[in-house]
Amino acid sequence: MIIENSDVVLSVKDLTAEVDGTPILKGVNLEVRYGEIHAIMGPNGSGKSTFSKVLAGHPAYEVTGGEIIFQGQNLLEMEAEERARSGVFLAFQYPLEIPGVTNLDFLRVAYNSKLKAQGLEEIDAFDFDDLVEQKLDVVKMNPAFLSRSVNEGFSGGEKKRNEILQMAILEPKLAILDETDSGLDIDALKIVANGVNQLANAENATVMITHYQRLLDYIVPDFVHVMAHGQILTSGGKDLALKLESNGYDWVLEEFAADVVGAAGVSA
């Protein structure tokens, strides 16, 4: 099914999902327009990372209801690799190591796969080397990293910078950052955040999942959403994140959870 709305890159309506028979998402609603940065916050076990994996098409998560429309297309009808080639990018909370596959080879194969899916001619090795060199500065990465196996032996900060380098190469329409700030010292956080800010523009959108307000000091969101019990309970601007930093999540759960969960007809 095709839904025409040129302003909206992602529309999620009444999304429910489970893993191993256990319901996790219990009616998520979210709309993201081009040019916007959204932050999703919430306590542990609220469904934030599950939401990111469902968007990316992780096979362990079963969607049991609702819809996800991405650039007018039904995302749920697409396999994970189709979503990636169409412009959905997920930066992992815990990036995997891939021994024996160099960063350069990994990036080139991923980039050419995207070009092929778009009906474009693949880029040759020499031209791709030039492209990567231009993108390295986005995350202040030493070119020596390109000859190393993907994330093997990398520090936490280097792994997260490598994720943003992949994002810079692939230029996704929707970037989903799953706790990209976790495990980063302040210097690495600034580098990663600066890279995200450089890549954000009017033709793409970013959804950040985080526990902490500190990331939002460097990447200023247009919208902040609070997720708990598998639903988005309330939304606001950056001021909402500051309030959460000061007061925690209890007030949100007390004020909104009963009404929202009850309206969905599910228990917390």
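How each quantity is defined
Residues numbered from 1 in each chain as written. Predicted model: local features only at pLDDT ≥ 70, side-chain atom pairs only at ≥ 80, totals over all residues. Heavy atoms only, no water. Helix = DSSP H or I, 4+ residues; strand = E, 2+ residues; numbered from the N terminus. Rg over C-alpha atoms; globule rule 2.2 N^0.38 Å. Buried < 20%, exposed > 50% of the residue type's maximum accessible area, 1.4 Å probe, protein only. Contact = heavy atoms within 4.5 Å. Areas by Shrake-Rupley, 256 points an atom, 1.4 Å probe, with all protein chains shown as cover. Lys, Arg positive; Asp, Glu negative; His and termini not counted. Charge placed at Lys NZ, Arg CZ, Asp CG, Glu CD. Salt bridge = Lys/Arg side-chain N within 4 Å of Asp/Glu carboxyl O. Phe/Tyr/Trp six-rings, centres within 6.5 Å; stacked < 30°, edge-to-face > 60°. Lys NZ or Arg CZ within 6 Å of the ring centre and 35° of its normal. Pairing = 2+ DSSP bridges. Patch = residues over 30% accessible without salt bridge, like charges linked within 9 Å, V, L, I, M, F, W, Y side chains within 5 Å.

Novice: Looking at this model, I keep getting lost on the overall build of the protein chain. Mind explaining?
Specialist: The secondary structure content of the protein chain amounts to eight helices and twelve strands. Against the compact-globule benchmark of 18 Å for 268 residues, the protein chain has a radius of gyration of 19 Å, which places it among compact chains. The principal-axis extent of the C-alpha atoms belonging to the protein chain is close to 60 × 45 × 35 Å. Looking at the protein chain as a whole, 49% of its 268 residues are labelled buried. Of the contacts formed within the protein chain by residues at least 6 apart in sequence, a portion of 70% connects residues at least 24 apart. Surface summary for the protein chain: the accessible area is close to 12,500 Å², and the carbon and sulfur share equals 49%. Distance between charge centres in the protein chain, computed from 21 positive and 41 negative side chains, equals 3 Å.

Novice: How should the pattern of salt bridges be read in this particular structure?
Specialist: Side chains that carry opposite charge are capable of pairing whenever their charged atoms lie near each other. Using the criterion set out here, one finds seven salt bridges in the structure. Close ionic contact of Lys159 with Glu97 constitutes a salt bridge, the shortest N to O distance being 3.4 Å. Here the residue Lys159 occupies a position in helix 5 (residues 156–170), and Glu97 occupies one in the loop between strand 6 (88–91) and strand 7 (98–102), the gap between them amounting to 62 residues. Residues Glu171 and Lys135 are paired through a salt bridge, measuring 3.6 Å at the closest nitrogen-oxygen approach. Within this pair, whereas Glu171 is found in the loop between helix 5 and strand 9 (174–178), its partner Lys135 is found in helix 4 (residues 125–136), the two being separated by 36 residues in sequence.

Novice: Help me out: how do you make sense of the packing of aromatic side chains in this one?
Specialist: How two aromatic rings sit relative to each other is set out by the distance from centre to centre and by the angle between their planes. Enumeration over the complete set of coordinates arrives at two aromatic pairs. Each ring, one from Tyr111 and one from Phe128, has its centre 5.7 Å from the other, and the planes form 45°; the classification is tilted. Placement of the pair is Tyr111 in helix 3 (residues 103–117) and Phe128 in helix 4, with a sequence separation of 17 residues. Across the pair, exposure class does not vary: Tyr111 and Phe128 are buried alike. With a centroid separation of 5.1 Å and 85° between ring planes, the pair formed by Phe145 and Phe154 is classed as edge-to-face. Taken individually, Phe145 and Phe154 each receive the classification buried, so the pair is uniform in this respect. Looking at Lys243, its charged tip hangs above the ring of Trp251, at a distance of 3.9 Å from the centre.

Novice: Explain the sheet that holds strand 4 (residues 62–70) to me, please; I cannot follow it from the model alone.
Specialist: Two orientations exist for strands paired in a sheet by backbone hydrogen bonds: parallel and antiparallel. Judged by pairing direction, the sheet is antiparallel, and its four strands sit side by side in the order 2-1-4-5 without closing on themselves. Taken across any chain shown, the strands that pair with only one partner, and hence form the sheet edges, are strand 2 (22–33) and strand 5 (73–74).

Novice: Looking at this model, I keep getting lost on a negative patch on the surface. Mind explaining?
Specialist: Where like charges cluster on the molecular surface, the negative patch consists of Glu121, Glu122, Asp124, Asp127, Asp130 and Glu133. One can find Glu133 in helix 4. Looking at Glu133, the relative accessible area reads 44%, which means it is partly exposed.

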